[in-house]
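These are the residues of each chain, in order.
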Amino acid sequence: MAKYMLLIYGDAARWDAMTPAERNAHDAAHQAFSEAAGARVLGGEELESAPTATTVRGDGAGELITTDGPFLDTKEALGGFYLIEAADLDEVTRLAALLPEVRAEHSAVEIRPVVFHG
Amino acid sequence: MNDAVVAAVASAHRRDWAQVLATTAQLTRDLDLAEECTQDAFAQALLVWADSGVPDRPGAWLTQVARNRARDVLRREAAFRRTLPLLVSDETVPGPEDLIADDRLRLIFTCCHPGLGREARVALTLRLVCGLSTAEVARAFLVPESTMAARITRAKRKIATARIPYRVPSADQLGERVGAVLQVVHLIFTTGHTAPAGPELLRRDLSGCAVRLARLLHLLMPNDTEVSALLALLLLNEARAESRLGPDGRLRLLSEQDRSRWDAALIAEGTALLAGALRRRPPSRYAIEAAIAAVHAEAPSWAETDWGEIVALYTVLRRMWPGSPVVTLNRAAAIGMRDGPQAGLDALEPLLREPALATYAYLSATRADFLRRLGRWAAAVTAYEEALALTGNEVERAFLAERLDEVRGHLTG
């Protein structure tokens, strides 16, 4: 078994514009994903929107610089994640395909293998 | 070294490379090591067969040698190898029942996994399944050998790290995955059919590899109509390969080819496969393209070709594949044959503003031919010059240069 991170990217404005009915369907799809994946879900959260992010970095001289906003300022933002345990890429792809963000044209799910440290 | 041994090794290379590598990979669970051991087994064959003769079953001999070598390496490097990511090859997910669990299929589906980029899929398939050297693969795609080597290494690393499984996909993923494999096979064939650059018109090593792959897929998946259709398409095109060059080494257009040199056996085989594929609905893109090739193959001469049927088939293809300006171009060329050069020129008109075709030599060449046939010499000269500037294949360039000279002659005369 190996671990994979599912990174859910999309247009936050489109997520915010969902009607209550769309929101319910969306949440139900995440519920269905969680049930299908069962114990293979090691964790996962929906993130607050990118404008609420704070980025901390060094200035190269040992001082900290704290800035408002995400590290990458893009139209498509990271909206949430799941940490999954799966046998291989085919299995995790099959699970990821259950996520509603895969169906909407403004969003997608990036699958990243997690480094195995033994 | 005697010629018979060299020929036997070359023939085993064509026939057995994929099987030897695929079976060895099952043992090593590491594509790099499997590739190394396979290469080594073929090198051994050249030496050993010269001494003790060609074995009765060369494939089995090669597999044995490759696997023995793999076992040695695995034993010697056991400690180091424990830290490497291994191919995932467990068989807990049973494959679809009408599929033979064949090692070569595992290898093909792994090399053509959609998690790999298209260029990487083609490169890996040529290297690991067809056994072309990295230098040969690089030459086919006009990149430096070091670039191709890096591309292949990166792809193998992704297979191991992201755990792309060494397995025939399960039924729910099979459709998409077969499609990805066929796309790779088709691309290899078209690259071989007219080399993008260089002195040769055809790269028979590439088209031959594509035909062998399509035959293997058809053997292992006899009920997949898309596979049958692709094999039909390749065979119907391959049947004409010999006649595409004249004895003088010059390009022969379809209209000029000696049809008695077409391979009747391949045409019969392709037509029969196509008939089977068309019995199931809806036909795939490859079935329509094969049907177009079949209309040409069955026409007694260029003049007697059923252009109405060809236009109709391109219309179906365009409906299936609305985004492809190349299909529209081919349809326009067929309209020009059915209704005359002016009608062809009119059908090409909207394509002149198509950005995807801005550097597509066949658009300029098709236009040039219609203008030539209309006697519009000045415009034809410009169009031939344009086509020449966009063409990299030297045999095609020689043909275009000859036509350009001919129309220039009319201009001054």
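Residues numbered from 1 in each chain as written. Chains lettered and ligands numbered in written order. Predicted model: local features only at pLDDT ≥ 70, side-chain atom pairs only at ≥ 80, totals over all residues. Heavy atoms only, no water.

In the annotation of an unreviewed UniProt entry, the entry for chain B reads RNA polymerase sigma-70 factor, ECF subfamily, and the organism field reads Actinoplanes regularis. According to the UniProt record, the Sequence similarities (unreviewed entry) comment for chain B is "Belongs to the sigma-70 factor family. ECF subfamily." (UniProt positions renumbered as here; feature names shortened; annotations may be inferred.)

Under the UniProt heading Sequence similarities (unreviewed entry), the entry covering chain A gives this text: "Belongs to the YciI family."

> For this particular structure, what's the right way to read the interface of chain B and chain A?
Where interface size is given, it is often the accessible area lost as the parts come together that is meant. Across the contact, 12 residues belong to chain B and 9 residues belong to chain A. Of the roughly 910 Å² buried between chain B and chain A, counting both surfaces, carbon and sulfur atoms make up 44%. Broken down residue by residue, the surface that chain B buries against chain A is led by Ala162(B), Arg163(B) and Gln173(B), which jointly contribute 51%. For the pair chain B and chain A, the interface holds 3 salt bridges. Of the charged contacts in the structure, one is a salt bridge between Asp88(A) and Arg167(B), with a shortest N-O distance of 2.8 Å. Summed over the shared surface of chain B and chain A, the number is 10 residue pairs in polar contact (both at pLDDT 80 or more). Looking at the side of chain B that touches chain A element by element, the count peaks at 3 residues for helix H9 (residues 171-193) of chain B. The residue makeup of the side of chain B that touches chain A, split by class, is 4 nonpolar, 4 polar and 4 charged. (Contact = heavy atoms within 4.5 Å. Buried area = accessible area lost by both parts, 1.4 Å probe. Salt bridge = Lys/Arg side-chain N within 4 Å of Asp/Glu carboxyl O. Polar contact = N/O pair within 3.5 Å; in protein donor to acceptor, adjacent residues only side chain to side chain. Helix = DSSP H or I, 4+ residues; strand = E, 2+ residues; numbered from the N terminus. Nonpolar A, V, L, I, M, F, W, Y, C, P; charged D, E, K, R; others polar.)

> Can you walk me through the UniProt feature "domain: DUF6596" (unreviewed entry) in chain B in this structure?
Here the UniProt-annotated "domain: DUF6596" (unreviewed entry) positions come out as residues 177-277 of chain B. Between the C-alpha atoms that bound residues 177-277 of chain B the distance is 19 Å, and the span itself is 61% helix and 0% strand.

> Quick question: what am I supposed to make of the state of the cysteines here?
As used in these notes, a disulfide is a covalent bond between sulfur atoms, one from each of two cysteines. All names here are of chain B. Here the structure, examined in full by the defined rule, presents 1 disulfide over all chains. Bridging Cys130 to Cys209, the disulfide has an S-S length of 1.9 Å. Placement of the pair is Cys130 in the loop between helix H6 (118-129) and helix H7 (134-140) and Cys209 in helix H10 (residues 204-220), with a sequence separation of 79 residues. Residue classification places Cys209 among the buried positions, given a relative accessible area of 1%. Cys111 takes part in no disulfide bond, and the closest cysteine sulfur, belonging to Cys112, lies 6.3 Å away. (Disulfide = S-S within 2.5 Å. Buried < 20%, exposed > 50% of the residue type's maximum accessible area, 1.4 Å probe, protein only.)

> It is not clear to me how the packing of helix H18 (residues 377-390) of chain B against helix H19 (residues 394-412) of chain B should be interpreted in this structure. Could you clarify?
When two helices pack together, you describe them by how their axes are tilted relative to each other and by the distance separating the axes. Residue and element names in this part refer to chain B. Running from N to C, H18 and H19 cross one another at 160 degrees; their axes reach a closest spacing of 9 Å. Comparing the axis directions of H18 and H19 gives the class roughly antiparallel. For the crossing formed where H18 meets H19, the hand is left-handed. Judged by residue contacts, Trp377, Ala378, Ala380, Val381, Tyr384, Glu385, Ala387 and Leu388 of H18 engage Arg397, Leu400, Ala401, Arg403, Leu404, Val407, Arg408, His410 and Leu411 from H19. Per-class residue counts for the contact of H18 with H19 are 12 nonpolar, 1 polar and 4 charged. (Axes fitted to C-alpha atoms, helices over the stretch in contact; angles between N-to-C directions. Parallel < 35°, antiparallel > 145°, perpendicular 65-115°, else oblique. Left-handed = near helix turned anticlockwise from the far one by under 90°.)

> How should I be thinking about the pattern of salt bridges in this particular structure?
Opposite charge on two side chains permits them to pair, given that their charged atoms come into close proximity. Residues and elements named next belong to chain B. One pass over the full model with this rule turns up 36 salt bridges over all chains. Ionic pairing is found between Lys156 and Asp32, a salt bridge with its closest N-O pair at 2.6 Å. Taken together, the residues span a long stretch of sequence, with Lys156 in helix H8 (residues 145-161) and Asp32 in helix H2 (residues 31-52) at a distance of 124 residues. Residue class for Lys156 comes out buried when judged on its relative accessible area of 10%.

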